[in-house]
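If you want the building blocks of each chain, they are given just below.
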There are 2 protein chains.
Amino acid sequence: MEKIYKVGGMTCQGCARSVENAIINALPEATVTVDLEKKQVTVTDINNDTLVAKAIEESGFDYEGVVS
Amino acid sequence: MEKIYKVGGMTCQGCARSVENAIINALPEATVTVDLEKKQVTVTDINNDTLVAKAIEESGFDYEGVVS
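Residues numbered from 1 in each chain as written. Chains lettered and ligands numbered in written order. Predicted model: local features only at pLDDT ≥ 70, side-chain atom pairs only at ≥ 80, totals over all residues. Heavy atoms only, no water.

Draft legend 1. Highlighting the pattern of salt bridges. All names here are of chain B. For the coordinates displayed, the defined rule picks out four salt bridges over all chains. Notably, a salt bridge pairs lysine 3 with aspartate 49, separated by 3.0 Å at the nearest N-O pair. Of this pair, lysine 3 sits in strand E1 (residues 2-8) while aspartate 49 sits in helix H2 (residues 49-58), placing them 46 residues apart in sequence. The exposure class assigned to aspartate 49 is partly exposed, which follows from its relative accessible area of 25%. Lysine 54 is paired through a salt bridge with glutamate 58; the nearest N and O atoms lie 3.6 Å apart. Taken as a pair, lysine 54 and glutamate 58 lie in helix H2 at a separation of four residues, close to a single helical turn. Overall, glutamate 58 belongs to the partly exposed group, its relative accessible area being 40%. (Salt bridge = Lys/Arg side-chain N within 4 Å of Asp/Glu carboxyl O. Helix = DSSP H or I, 4+ residues; strand = E, 2+ residues; numbered from the N terminus. Buried < 20%, exposed > 50% of the residue type's maximum accessible area, 1.4 Å probe, protein only.)

Shown next as structure tokens:
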């Protein structure tokens, strides 16, 4: 399964890597990919919106909800 | 007191905020300022290179050592 989240505040590859790392640190079994242009993060194999949101916010970006 | 660290991989304000947040999460009593142009982070009131390095690396950036 795969969940897609909207994330605000990412503007470059450094931001993308930071969000990716934050989610993987919180959920080590997740596979994470960031689409900078769409401002979206895809998390595969894990379904935990709460921890994803917390990881994104704690790393300094804006969790803007589930896309699908 | 104040310590200055070199940090690689920060290219925009989103990166800077991410590094800042990571250090503050790890060391809530620290005051943190990021100089994007110099690729440096200043941490005031706390002297703990190990935790600063860990926070920077875990947030997806490169800890490159103490400047002063």
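There's plenty left to go through after this.
Draft legend 2. Main features of the interface of chain B and chain A. Between chain B and chain A, the contact holds 14 residues from the first and 14 residues from the second. Of the roughly 980 Å² buried where chain B meets chain A, counting both sides, 40% is carbon and sulfur surface. Contact with chain A buries surface across chain B, with Arg17, Glu58 and Gly60 of chain B losing the most and accounting together for 35% of the total. Inspection of the chain B/chain A interface yields zero salt bridges. The tally of links from chain B across to chain A stands at seven residue pairs in polar contact (both at pLDDT 80 or more). In terms of residue count, helix H1 (residues 13-26) of chain B provides more of the side of chain B that touches chain A than any other element does, six residues in total. (Contact = heavy atoms within 4.5 Å. Buried area = accessible area lost by both parts, 1.4 Å probe. Polar contact = N/O pair within 3.5 Å; in protein donor to acceptor, adjacent residues only side chain to side chain.)

Draft legend 3. How the structure looks around the packing of H1 of chain B against H2 of chain B. All names here are of chain B. As a packed pair, H1 and H2 sit with axes 8 Å apart at the nearest point and diverge in direction by 135°. Of the possible angle classes, the one that applies to H1 and H2 is oblique. As H1 runs across H2, the sense of the crossing is right-handed. Contacts between H1 and H2 involve Val19, Ala22, Ile23 and Ala26 from the first element and Leu51, Val52, Ala55 and Ile56 from the second. Taken together, the residues of the contact of H1 with H2 sort by class into eight nonpolar, no polar and no charged. (Axes fitted to C-alpha atoms, helices over the stretch in contact; angles between N-to-C directions. Parallel < 35°, antiparallel > 145°, perpendicular 65-115°, else oblique. Left-handed = near helix turned anticlockwise from the far one by under 90°. Nonpolar A, V, L, I, M, F, W, Y, C, P; charged D, E, K, R; others polar.)

Draft legend 4. Up close: the pairing of strand E3 (residues 40-44) of chain A. Residue and element names in this part refer to chain A. Most of E3 is tucked away: four of the five residues are buried. Bridge count for strand E1 (residues 2-8) against E3 is five bridges, and the pairing is antiparallel. Counted as the bridge partner of lysine 3 is valine 43 from E3. Note: strand E2 (residues 31-35) against E3, five bridges, orientation antiparallel. Counterpart to valine 34 in the pairing with E3 is valine 41. Connecting E2 to the next strand, E3, in antiparallel fashion are four residues, including lysine 39 with a positive phi near 55°. (Pairing = 2+ DSSP bridges.)

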